[in-house]
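Observations on chain architecture
The chain contents come next:
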Amino acid sequence: MKLLILTLTLIFSLTTWAKNNVNIHVTLTPAGSFNAVTDKVRGKIVKTDTGFTAKRIEVNIQNIKTGIDLRDEHFWEHLNAKTHSKATLTELKGSNGNATAILQVNGVKVPVSITYQENGDVVDANFKVKASDFKLPPKSYLGVGVSDEVNINVKMGYK
Amino acid sequence: MKTVIGFFLLIFSIESWGYENFIGHGYTSYLNCHYNPFGGGQLNDYGRAVSATAISSRELYPDSVSEEQLAYVSGFLFRKPKQDILRLQANYRGFSLYNNPNSENETKRWMTMQSDIRGTLQLGKNKEWIISGEYGRSPVQDFPLQEGLEKQDYYSRSYYVGYRPTPNFGIYAGLMDKVYGLRLIEHIAFSRQNPRVSQNDTTHGVTTHFIKDQWEIGLQGFVGHLDQEAPYRMKGGSFKIDRTIGGIHRIGISALTQKNDFQRINSASIHGKLNLKEGSALLAEIGQTSKKASGNGISQDTRYGLLQTYLRPWRGVYFLTNIEYQKLNIHQDDYIIRFGPGLQIFPIQRMELRADLYNTRNFSKDNTRKDNWLFLLQTHFWL
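Since we're looking at a predicted model, the values are computed, not measured.

**Here we look at the overall build of chain B**
In terms of regular secondary structure, chain B is built from 4 helices and 17 strands. Here chain B has a C-alpha radius of gyration of 20 Å; the compact-globule value for 383 residues is 21 Å, and the two agree. Dimensions of chain B, computed from C-alpha atoms along their principal axes, come out at roughly 60 × 45 × 45 Å. Burial analysis of chain B (383 residues in total) assigns 42% to the buried set.

Structural data, given as structure tokens:
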């Protein structure tokens, strides 16, 4: 019985964990794109009478994967992960599909405007940011660069 | 027998690298990895680094070798070039080909398909000028590569000058491939053979390339291969328009018209590339070609289709499935299906091993031998 409860708990927690996902869509120049993704998202979103709030949502930068190991290293380096290991979203308040929050990357805090929708018990949120707003310099590697503006999608289960 | 082998050599010649399926790694355009924005030919520095760190396995390297080091040694002569002007690449590709194995019609042969050297000069403040070309031993010294060409022991498949005043626009002039459809490595593909855009259909011409946001457009005018006897030269023009959808996929259309003293060929196709993530991809193309003979006015409309999947279970390994369709005359019932699995392995950077099995089935009332089997093993090295 204990084993069954443990197994069910584990399955349930994995299911809950799998709902959380951050996907950063980065456009390459001259062409192409990649997605930097992590499902290791800490924090929780709480449903209120008027919408949603969250005190703090965070990801460890070095948990973000781009599909190519070398690109992972460049991505972490570009986001200055050694000095500022986490990206955080704080003071999240939303209602009627629109939200605001403070995004901190590279130690720089920038207010962001977010649109979201509810899909079952998951909040699916999208926003755009500019790397330059976080004092991240333009980056290129052997002639291929990344665009300043990136699209971020966050999916999180809520309580 | 010599003729049979020569025929296979011609149709199975494979150009170096330029795989549409790398959209599965997020690369919607060839421009990131090749000097030629429509693919094929020499890899640029970024393309070499991607081949070493994303395409090739790292199982044979010790953990102490970093990805950065793998990228560093991906350059010609195993190091990062010390100058920015000249880039070189050398290729060798060999085939083992088994046709109808274990039957009375069996043929098998090892063939050197490609042994060439490529060079690109990058000039100007922002490397906006390039002069690129390749030269190598012909895989079929006993046969001309195109109708109306001399037999050649050594030949050049491409050479051109390119000018790219902005990242969004470039113009290229010289001997190049025609701009049309999905540029598959399999030149046996119906989608390459019918519109005559295979590796030996290169032509002298001028190509413009435009890329911005979600759009990529190619426009080409050509006068045929100038080494051909004049009546054989295919003159005409083509365009290819691609649009990125969903940020990671591509759909496009192509059209091509060409004419020599013997025939006119008009072709059009729609094509798509889906990024299935983690290096996996799905490619599809459907098109139609109309051929009309100049002398008697007889015409034939051919329809073709292609579906290819590339699944990447782990780095360095791709499982392929290839399904092709051809209806040589759309007004008749006969058609051909070609189907086969394949395995492509990049065990270490600069090395590609590939095995393909093709079954070609002819759905014709009059054809007594419906199946043709072909097994290909190929080895490709580059420096």
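**Focus on the overall build of chain A**
What chain A contains, in helices and strands, is 2 helices and 12 strands. Reading the helices (α) and strands (β) of chain A from amino to carboxyl end gives α-β-β-β-β-β-α-β-β-β-β-β-β-β. Taking all 159 residues of chain A together, 26% fall into the buried category. Within chain A, counting contacts between residues at least 6 apart in sequence, those at least 24 apart form 49% of the total.

**A few points about the environment of Thr360 of chain B**
Residues and elements named next belong to chain B. Positionally, Thr360 belongs in strand 16 (residues 351–363). Since 17 C-beta atoms lie within 10 Å of it, Thr360 is described here as partly exposed. For the pair Thr360 and Lys273, spaced 87 residues apart in sequence, the C-alpha separation works out to 24 Å. Dropping the residues within four chain positions of it, Thr360 is found in contact with Ile336, Arg338 and Asn372.

**A look at the interface of chain B and chain A**
Interface size, as often reported, equals the accessible area lost upon joining of the parts. Taken together, the contact pairs 22 residues of chain B with 17 residues of chain A. For the side of chain B that touches chain A, the elements supplying multiple residues, two or more each, are helix 2 (45–55) and helix 3 (67–72) of chain B. For the side of chain B that touches chain A, the element with the highest residue contribution is helix 2 of chain B, accounting for 5 residues. For the side of chain B that touches chain A, the class distribution of residues is 9 nonpolar, 8 polar and 5 charged.

**Here's the deal with the confidence of the model for chain B**
All names here are of chain B. Across chain B, the average pLDDT comes to 88, with 93% of residues at or above 70. Here residues 1–17 is a poorly scored stretch, pLDDT under 50, and it has 36 contacts once near neighbours within four places are set aside; other chains count. Scored by ipTM, the complex comes to 0.78, with pTM at 0.85.

**What about unusual backbone geometry?**
Most of the time, phi is negative for any residue but glycine, and the peptide bond is trans. Look at the link from Thr29 of chain A to Pro30 of chain A: it is a cis peptide, with omega at 10°. For Pro30 of chain A, the location among the structural elements is in the loop between strand 1 (21–29) and strand 2 (33–38). If you check the backbone angles, Leu77 of chain B has positive phi at about 65° while not being a glycine. Turning to its location among the elements, Leu77 of chain B is positioned in the loop between helix 3 and strand 1 (86–99). Take Leu77 of chain B: there are 10 C-beta atoms within 10 Å of it, and that puts it in the exposed class. Although it is not a glycine, Lys127 of chain B adopts a positive phi angle of roughly 55°. For Lys127 of chain B, the position within the fold is in the loop between strand 2 (107–123) and strand 3 (129–137). Of the residues examined, Lys127 of chain B has 16 C-beta atoms within 10 Å and is grouped as partly exposed.

**Things to note about the environment of Ala355 of chain B**
Residue and element names in this part refer to chain B. Mapped onto the secondary structure, Ala355 falls in strand 16. Under the C-beta neighbour-count criterion, Ala355 is labelled partly exposed, with 15 such atoms within 10 Å. As a C-alpha pair, Ala355 and Thr244 span 111 residues in sequence and 31 Å in three-dimensional space. Excluding residues that lie within four positions of it along the chain, Ala355 makes contacts with Gly342, Leu343, Leu376 and Leu377.

**Some points on the pairing of strand 1 of chain A**
Residue and element names in this part refer to chain A. As paired strands, strand 1 and strand 12 (residues 149–157) are joined by 5 bridges and run antiparallel to one another. If you follow Val22 over to strand 12, its bridge partner there is Val154. When strand 1 meets strand 2, the two strands line up antiparallel, connected through 6 bridges. Residue Val22 lies in a different strand from strand 2, and its bridge partner there is Thr38. A loop of 3 residues connects strand 1 with strand 2, the two strands running antiparallel in sequence, and Gly32 in this loop sits at a positive phi of about 95°.

So, how was this worked out
- Within every chain, residues take consecutive numbers counted from 1 along the sequence as written.
- Just so you know, chain letters begin at A and ligand numbers begin at 1, following the order they were written in.
- Totals for whole chains, interfaces and linings use every residue, but because this is a predicted model, local features are given only for residues with pLDDT of at least 70 and side-chain atom pairs only at 80 or more, for both listing and counting.
- Runs of E in the DSSP output that reach at least two residues are strands. Runs of H or I that reach at least four are helices, and both are numbered from the N terminus.
- All radius of gyration figures rest on C-alpha atoms, and the globule criterion is 2.2 Å times the number of residues raised to 0.38.
- Field definition: a residue is buried when 20 or more other C-beta atoms are found within 10 Å of its C-beta, exposed when 12 or fewer are, and partly exposed for counts in between, with C-beta atoms placed from the backbone.
- For the purpose of contact definition, each residue receives a C-beta atom placed from its backbone, and two residues are in contact when these atoms lie within 7 Å.
- In this classification, the charged set is Asp, Glu, Lys and Arg, the nonpolar set is Ala, Val, Leu, Ile, Met, Phe, Trp, Tyr, Cys and Pro, and all remaining amino acids, among them Gly, are polar.
- Per-residue confidence from the predictor is given as pLDDT, running between 0 and 100.
- Strand pairing follows a simple DSSP-based rule, namely that at least 2 bridges must link the two strands.

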